[in-house]
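This is what each chain is made of:
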Amino acid sequence: GSASGSASVPAEMGVAMRWYASRGGVLSPAVELAPSANCGGGLGLFATSPLRPTQIIGEFPLAASVTAACALEDAELGPAARAYLRENRDDLGAESVVLAAFLAHVRKKSRGEGAAATHPYAPYVNSLPWGDGFGEVADSLVHHPLLASGASVGVHSERLAEHLAGARTSAQHVAELLNMGCSEGSEGNTADFELCFRAVMLVASRTFNLSVPLAQSGVVLDAEEGLVSGRYVAVPVWDCLNHPSVSALGKSGDAGARFKEQSVVNSIVRWIVRPADAEKNTPAAVVVHAPVRLVAKTGDELWQWYGNAGWGEDNKEDWDEAEGKFLAQYGFLPW
């Protein structure tokens, strides 16, 4: 049976989907976004009809993705973002700071009644769980241990304290970048630290590292200086796919049982980065396929693997470290 909840998809997601389609995004009618009752009520991707193994269920053009390169093109943020990436070229986290600054910048300009939601990326940015009291999007990060005071984290308390300190430092860099490059920096209008911190958490929990496949496919995100590698790429719709935690699979009934009958790699969605093809007039895109062996039935939730969270490590210390990193990034343990 379906694992989707009874709640409706928020209006902001409908706006984002129309924006996504206008930028060349294609979502197969065989799948849909819906609230996932088995994953805390946030959105998930579900089959609306039986899926053939490996059939294409979505094509996500890089023109419809959101990266630090978007910040470079922004009229206000662009010059400061480019300068920051130049100065921090050797910092692997620099792109995440710039992307977080871009998200926070767009959110502040477009949230709230009467706000001018005219920024080109406002439809996508406003579909994210900001938890700031504006709009209808449920706060799927409300229980994230780095955001929820007093959250029970057990053996990971010390590691999470380190991750929290790092996230707050990143948020401070985001605020400084906004104050330097945008209207947020005008007198009496300094950047909102909590908004910056939430943006950092959104980048950590919702982006994908596509740097290797992008390089292998010859895709360049910043043609001017090559400052953006694609270590942090937000792909609309794809970023709603949930991880198949033991808890979620256990709540999924027959669908969860069928998932466990196959290996993980054969039960999750698969994806490739397809280079642009001038002869076929197709853009560079992330192409997502149905699982290789698992035959998804109508109502089944589709899953994306976030990471091993310690599974496969040789000793407890390495397991705990990897598990703590997973918890800090995504806000839950997959067991």
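Everything below is about the structure printed above this text.
Here goes a summary of the coordinates provided.

1. Digging into the sheet that holds strand β4 (residues 56-61)
Logical step 1: Strand order in the open sheet made by the four strands is β1-β4-β6-β5, with antiparallel pairing throughout. Strands at the two margins of the open sheet, each flanked by one partner only, are β1 (26-27) and β5 (270-274).
Logical step 2: Here five bridges tie β4 to strand β6 (residues 285-289), and the two strands are oriented antiparallel to one another. For Pro-61, the partnering residue across the bridge sits in β6 and is Ala-285.

2. Regarding empty space enclosed by the protein
Logical step 1: Going through the model one piece at a time under the given rule, you end up with three cavities of 30 Å³ or more.
Logical step 2: A volume near 50 Å³ is recorded for the second largest cavity.
Logical step 3: In this structure, the second largest cavity is lined by Met-13, Ala-16, Met-17, Tyr-20, Tyr-124, Ser-127, Arg-206, Pro-236, Val-237, Asp-239 and Cys-240.
Logical step 4: Here the lining of the second largest cavity gets four residues from one element, more than from any other, and that element is helix α1 (residues 11-22).
Logical step 5: Residues that form the lining of the second largest cavity fall into these classes: eight nonpolar, one polar and two charged.

3. A closer look at the pattern of salt bridges
Logical step 1: Taken as a whole, this structure holds 14 salt bridges when the rule is applied.
Logical step 2: Notably, a salt bridge pairs Lys-297 with Asp-254, separated by 3.9 Å at the nearest N-O pair. Remark: Asp-254 occurs in helix α10 (residues 254-261) and Lys-297 occurs in the loop between β6 and β7 (301-302); sequence separation between them is 43 residues.
Logical step 3: Assessed through its relative accessible area of 43%, Lys-297 is described here as partly exposed.
Logical step 4: In this structure Asp-254 comes out as partly exposed when scored by relative accessible area, which is 43%.
Logical step 5: Residues joined by salt bridges that share partners form a network here, namely Arg-82, Arg-86, Asp-222, Glu-224 and Glu-225.

Thresholds applied
- Residues numbered from 1 in each chain as written.
- Predicted model: local features only at pLDDT ≥ 70, side-chain atom pairs only at ≥ 80, totals over all residues.
- Heavy atoms only, no water.
- Pairing = 2+ DSSP bridges.
- Helix = DSSP H or I, 4+ residues; strand = E, 2+ residues; numbered from the N terminus.
- 1 Å grid on protein atoms, 1.4 Å probe; cavity = no way out; pocket = protein on both sides within 12 Å on 5 of 7 lines; lining within 4 Å.
- Points joined across faces, edges and corners; volume = space filled by probe spheres on them.
- Nonpolar A, V, L, I, M, F, W, Y, C, P; charged D, E, K, R; others polar.
- Salt bridge = Lys/Arg side-chain N within 4 Å of Asp/Glu carboxyl O.
- Buried < 20%, exposed > 50% of the residue type's maximum accessible area, 1.4 Å probe, protein only.

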